[in-house]
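As a plain string of letters, each chain reads:
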Amino acid sequence: MPLAREHLDQVADIEKACFQNPWPRSLFMEELCMPMSMDHVALVGAQVTAFCCMWLVASQVKVQNIAVHPVFQRRGLGRYLLLRALTLAREHGAVRAGLEVRTGNIAALSLYYSLDFCLEGRRPGYYYPEGEDALLLWRDL
Ligand SMILES: CC(C)(COP(=O)(O)OP(=O)(O)OC[C@H]1O[C@@H](n2cnc3c(N)ncnc32)[C@H](O)[C@@H]1OP(=O)(O)O)[C@@H](O)C(=O)NCCC(=O)NCCS
């Protein structure tokens, strides 16, 4: 379902649990206010178990952020949520989807390659402060 204000605390908690340099809650709030932003959450009851934030610009959708609550990882939720989000983006006119991912993020890379994303570039030293490279993956929708 669409991300809403009432989800923000839980989304920020998942973000903190999943990333070394987490987005602050205020950034998710900004996402909510941006017209190009398409943000989704997965729920079990009232609990947010995963989120996915994307930007739809012209005919391209960019996955800005995706994470699954650590307790709910490896149960197919990441794949389900990303596929659902991409389907909705396609229904809104997107024909290409792209994202950046750390070279060392094996879980995310495996997920993206399993969904037919292809390597199209690399941004050396993209992630601050460690300087890890970003891989640029794209796929047609
Ligand atoms: C990446 C992430 C979103 C995957 O979500 P998930 O719900 O755990 O993944 P799924 O259960 O849907 O798995 C889908 C596929 O991803 C891959 N995968 C997921 N976790 C993996 C792991 N720990 N190691 C290797 N491959 C993994 C597998 O290919 C898996 O398919 P399979 O189960 O048939 O082998 C999740 O690990 C996560 O939130 N990580 C922290 C945040 C993050 O790194 N986000 C991505 C930023 S680019």
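Here we summarise the structure given alongside this text. (Residues numbered from 1 in each chain as written. Predicted model: local features only at pLDDT ≥ 70, side-chain atom pairs only at ≥ 80, totals over all residues. Heavy atoms only, no water.)

Side note on the packing of aromatic side chains
To describe a pair of aromatic rings, one takes the distance between the centres and the angle between the planes.
Consideration 1: Tallied over the full model, the rule gives 4 aromatic pairs.
Consideration 2: Ring geometry for Trp23 and Phe28: centres 5.1 Å apart, planes at 45°, overall tilted. Residues Trp23 and Phe28 agree in their burial class; the two are buried.
Consideration 3: Taking the centre distance of 5.3 Å and the plane angle of 85° together, the rings of Phe28 and Phe51 count as edge-to-face. (Phe/Tyr/Trp six-rings, centres within 6.5 Å; stacked < 30°, edge-to-face > 60°. Buried < 20%, exposed > 50% of the residue type's maximum accessible area, 1.4 Å probe, protein only.)

Some points on unusual backbone geometry
Consideration 1: Omega for the bond connecting Tyr128 with Pro129 falls within 30 degrees of zero, at 0°, which places this linkage in the cis form.
Consideration 2: Relative to the assigned elements, Pro129 resides in the loop between strand E5 (118-127) and strand E6 (132-140).
Consideration 3: Positive phi, close to 65°, is recorded for Arg74, a residue that is not glycine.
Consideration 4: Residue placement: Arg74 occurs in the loop between strand E3 (60-68) and helix H3 (77-91).
Consideration 5: Arg74 gets classed as exposed once you look at its relative accessible area, which sits at 88%.
Consideration 6: The phi dihedral of Asp116 falls on the positive side, at around 75°, and the residue is not glycine.
Consideration 7: Tracing the backbone shows Asp116 in the loop between helix H4 (106-114) and E5. (Helix = DSSP H or I, 4+ residues; strand = E, 2+ residues; numbered from the N terminus.)

Comments concerning the site of the ligand
Consideration 1: Within the structure, the ligand sits among 20 residues, and Ile66, Val68, Gly76, Gly78 and Asn105 are positioned closest to it.
Consideration 2: Within the backbone of Arg74, a nitrogen or oxygen atom sits 2.8 Å from an oxygen atom of the ligand.
Consideration 3: The fraction of the free accessible surface of the ligand (910 Å²) that becomes covered by protein chains is 75%.
Consideration 4: Contributions of two or more residues to the shell around the ligand are made by E3, H3, strand E4 (96-102) and H4.
Consideration 5: At 5 residues, H4 tops the list of elements feeding residues into the shell around the ligand.
Consideration 6: Its residues assigned to classes, the shell around the ligand shows 11 nonpolar, 5 polar and 4 charged. (Near = heavy atom within 4 Å. Polar contact = N/O pair within 3.5 Å; in protein donor to acceptor, adjacent residues only side chain to side chain. Areas by Shrake-Rupley, 256 points an atom, 1.4 Å probe, with all protein chains shown as cover. Nonpolar A, V, L, I, M, F, W, Y, C, P; charged D, E, K, R; others polar.)

Focus: the pattern of salt bridges
Consideration 1: Within the structure shown, the criterion is met by 8 salt bridges.
Consideration 2: Of the charged contacts, one joins Glu120 and Arg96 as a salt bridge, the two residues approaching to 3.2 Å between their closest N and O atoms. Taken together, the residues span a long stretch of sequence, with Glu120 in strand E5 and Arg96 in strand E4 at a distance of 24 residues.
Consideration 3: Owing to a relative accessible area of 48%, Glu120 belongs among the partly exposed residues under this scheme. (Salt bridge = Lys/Arg side-chain N within 4 Å of Asp/Glu carboxyl O.)

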